[in-house]
Amino acid sequence: MKRQVTALIGRCYTGLDSFQLRGEVLRRLRPMLSVDAAFFATMDPATMLFTSAVAEEPLLAMTPLFLDNEFGREDVNKFAVLAESADPVASLDRATRGSRPASARYREIMSPLGLGDELRAALISNTGCWGVLCLHREDASHGFSNRDVELVRRIAPHVAEGLRRAMTIGPTAAPVAAAGGPGIVVLNEDLSVSSVSAEAEYWLGDVDGADWPGRSELPLAVYAAASRLTWIEKGAAPLPMSATVQLRGRSGRWLSLHASRLRGSPLPTIGIVIEPTPAAQVSSVLLRAYGLTDAQSRVVALVMRGHSTREIVAELHISANTVQEHVTAAFDKFGVRSRRELVAAVMSGRH
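Residues numbered from 1 in each chain as written. Predicted model: local features only at pLDDT ≥ 70, side-chain atom pairs only at ≥ 80, totals over all residues. Heavy atoms only, no water.

A. Structural view of the sheet that holds strand β3 (residues 89-91). Judged by pairing direction, the sheet is antiparallel, and its 5 strands sit side by side in the order β2-β1-β5-β4-β3 without closing on themselves. Pairing within the sheet leaves two strands with one partner each, and these edge strands are β2 (49-55) and β3. Mean inter-strand twist for the sheet, computed between neighbouring axes without regard to direction, equals 15°. Docked against the sheet, helix α2 (residues 18-29) engages β1 (37-44), β2 and β5 (128-138), running at close to 145° with respect to β1. In the packing of helix α3 (residues 63-72) onto the sheet, the strands contacted are β2, β4 (115-125) and β5, and the crossing angle to β2 comes to about 145°. (Pairing = 2+ DSSP bridges. Helix = DSSP H or I, 4+ residues; strand = E, 2+ residues; numbered from the N terminus. Axes fitted to C-alpha atoms, helices over the stretch in contact; angles between N-to-C directions. Contact = heavy atoms within 4.5 Å.)

See below:
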């Protein structure tokens, strides 16, 4: 067992992309604990929205219900809550003290699928949640053991670091003018696709198809942003209350997706705008990847936009000494000596 765990952890540091890493983790995990179905997703740490997922049967067909439960319903072991907990790994049986029907997710989704206990982990590295792992067992009296929970707890930070590296390392590509600007995807209220613009098709083509759950018509990030929007409108969405998600395409280009309600059509519709994230507006995801604090990230984001120390002082209402302290900390983090080198290091994806 110790050798198997060591081998799995080692694979997290071999430069696998996020899809390869998730497949490798699940393959190596199964000989160590019994898993009947798994959901393994990457996240935007800034908004806690899914950016891609590996979803096994029979979970795949229930994706809309899982999204509805995750982003709006009250329930145990929500990923956003686990990400803020001292212990980001928990099982359904322990959270409900053995009374699974206390969970709406169990009653409405898992039990009808013949699934019982559920073991969830928020994958935290450098203060950000880069993914989530959800393991399921068939519905039986005995669920995941303390040993199973401890095993997942042991590997979770290493898997998180592997995902962080897979999602952020490498140069950031510049937008391609030929795309013609932002695109829009229009969804019906049930999240079925109404229309997709040519520009949206172009940008969606940069999202790795391997990261779309099975028969899904669009990337999971689109549905996640739309689901969050519906619960924001109902006043029931958990923090952070944002319907925007950022992810990195195959080209290395960062893409932003934002959901909003469209007015004027006969039936309720949701519009998803998808476009490249401007280089000057460095994603909070990218800055979190380097372990900068929130205060340091705010300063570095303004440095990336070409702001002077005086302008940063005026915008953030902090002293010039504080600005310099944060910039110096970023210099140390990236191993550079000037603001120009700092900008180049961040945009090149250098760690």
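B. Representation of the nonpolar core. Counting residues in each nonpolar core, the largest one holds 54 residues, and the members touching the most others are Phe39, Phe50, Val132, Leu187, Leu257, Ile270 and Ile272. Residue contacts for Val132: discarding those within four places in its chain leaves Phe39, Phe40, Ala41, Met43, Phe50, Phe79, Ala121, Ala122 and Leu123. Among the nonpolar cores identified, the runner-up in size contains 52 residues, and Ala156, Leu163, Leu302 and Phe331 belong to it. (Core = buried A, V, L, I, M, F, W, Y, C linked by side-chain atoms within 4.5 Å. Buried < 20%, exposed > 50% of the residue type's maximum accessible area, 1.4 Å probe, protein only.)

C. Focus on the environment of Glu118. With respect to the element layout, Glu118 can be found in strand β4. Measuring from C-alpha to C-alpha, the distance between Glu118 and Ala37 comes to 9.6 Å, with 81 residues separating the pair along the chain. Dropping the residues within four chain positions of it, Glu118 is found in contact with Ala90, Ser91, Leu92, Arg105, Met110, Cys134, Leu135, His136 and Phe144. Among the polar contacts listed, one links the side chain of Glu118 to the side chain of Arg105, at a separation of 2.9 Å. (Polar contact = N/O pair within 3.5 Å; in protein donor to acceptor, adjacent residues only side chain to side chain.)

D. Region of the structure containing the sheet that holds strand β7 (residues 193-196). Read from one edge of the open sheet, 5 strands run β7-β6-β10-β9-β8, paired in antiparallel fashion. Of all strands in the sheet, those with a lone pairing partner are β7 and β8 (244-248), marking the two edges. With direction set aside, neighbouring strand axes in the sheet form an average angle of 20°. One ladder, built from 6 bridges, connects strand β6 (residues 183-188) with strand β10 (residues 269-276); its direction is antiparallel. Across the sheet, residue Val186 finds its bridge partner in β10, namely Gly271.

E. Summary view of the confidence of the model for the protein chain. Across the protein chain, the average pLDDT comes to 88, with 89% of residues at 70 or higher. Per-element confidence in the protein chain ranges from a low mean pLDDT of 67 for helix α10 (residues 284-288) to a high of 98 for β3. (pLDDT = per-residue confidence, 0-100.)

F. Quick look at helix α7 (residues 146-168). For α7, with 23 residues, the first-to-last C-alpha span of 33 Å sits near the 33 Å given by 1.5 Å per residue. The largest bend in α7 amounts to roughly 35° and is located at Ala156, with the proline Pro157 lying one to four residues further along. (Expected span 1.5 Å × (residues − 1). Bend = angle between axes of the 7 residues up to and from the residue.)

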